[in-house]
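# Topology and contacts: notes
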Amino acid sequence: MSKRETLEIRSSSDIVHVRQQVRAWAIAMGFGLVDQTKIVTAASELARNTVDYGKGGTVTLETLQLGTRKGLRLTFEDKGPGIPDLELAMTDGYTSNQGLGLGLSGSKRLMHEFEIVSKVGKGTKIVIVRWR
């Protein structure tokens, strides 16, 4: 039986809530401390991007089961301006603001799976998965 929950991301307090929920899910699924930290860090970066660049959106948390493997999938979606140049946005060090430029590329490195789809004027959808 898979579990699923969608959370709103509109403000800094929502980002804190997302971090707390993602950590709770990772703990409940039996992820170790290092994996918990990787998942929560990626979720925090993407939630911050959802607020700062996507003008708010949602994250859907889902448990996965593939044979004996268990995973946690997070799907971030917004209806913001979109990303005009995905290749550039995925480059380490690139930032369109005052950040470190590690949000997207760093999140990709922390997870086992990373998929991004963005359409200018329509929004962005990012799906990340960490397997246990």
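Throughout what follows, the structure given in this document is the object of discussion. (Residues numbered from 1 in each chain as written. Predicted model: local features only at pLDDT ≥ 70, side-chain atom pairs only at ≥ 80, totals over all residues. Heavy atoms only, no water.)

### Details of the overall build of the protein
For the protein, the helix and strand inventory stands at four helices and five strands. Taken from N to C terminus, the helices and strands of the protein fall in the order β-α-α-β-β-α-α-β-β. Expected size for 132 residues packed as a compact globule is a radius of gyration near 14 Å; at 14 Å, the protein falls within 12% of this value. Its C-alpha atoms give the protein principal-axis dimensions of about 40 × 25 × 25 Å. Within the span of the protein, comprising 132 residues, buried residues form 45% of the whole. (Helix = DSSP H or I, 4+ residues; strand = E, 2+ residues; numbered from the N terminus. Rg over C-alpha atoms; globule rule 2.2 N^0.38 Å. Buried < 20%, exposed > 50% of the residue type's maximum accessible area, 1.4 Å probe, protein only.)

### Digging into the nonpolar core
One finds Leu74, Phe76, Leu104 and Ile128 to be the most contacted residues of the largest nonpolar core, which totals 30 residues. At the level of elements, β1 (4–9), α1 (12–28), α2 (33–52), β2 (57–66), β3 (69–78), β4 (113–119) and β5 (123–131) are the ones that each hand at least two residues to this core. Among the elements that take part in this core, α2 stands out by supplying seven residues, more than any other. Excluding residues that lie within four positions of it along the chain, Leu74 makes contacts with Val22, Ile39, Ala43, Val59, Thr60, Leu61, Ile126, Val127 and Ile128. (Core = buried A, V, L, I, M, F, W, Y, C linked by side-chain atoms within 4.5 Å. Contact = heavy atoms within 4.5 Å.)

### A few points about the sheet that holds β5
Strand order in the open sheet formed by five strands is β1-β2-β3-β5-β4, and the pairing between neighbours is antiparallel. Strands with a single pairing partner mark the edges of an open sheet, and in this sheet they are β1 and β4. Each adjacent strand pair in this sheet contributes to an overall mean axis angle of 15°, direction not counted. As judged from the eight bridges shared by β3 and β5, these two strands associate in the antiparallel manner. The residue of β5 that forms the bridge with Asp78 is Thr124. (Pairing = 2+ DSSP bridges. Axes fitted to C-alpha atoms, helices over the stretch in contact; angles between N-to-C directions.)

### Some thoughts on unusual backbone geometry
A positive phi angle is found at Lys55, which is not glycine, with a value near 60°. Looking at the secondary structure, you find Lys55 in the loop between α2 and β2. The exposure class of Lys55 is exposed, given its relative accessible area of 63%.

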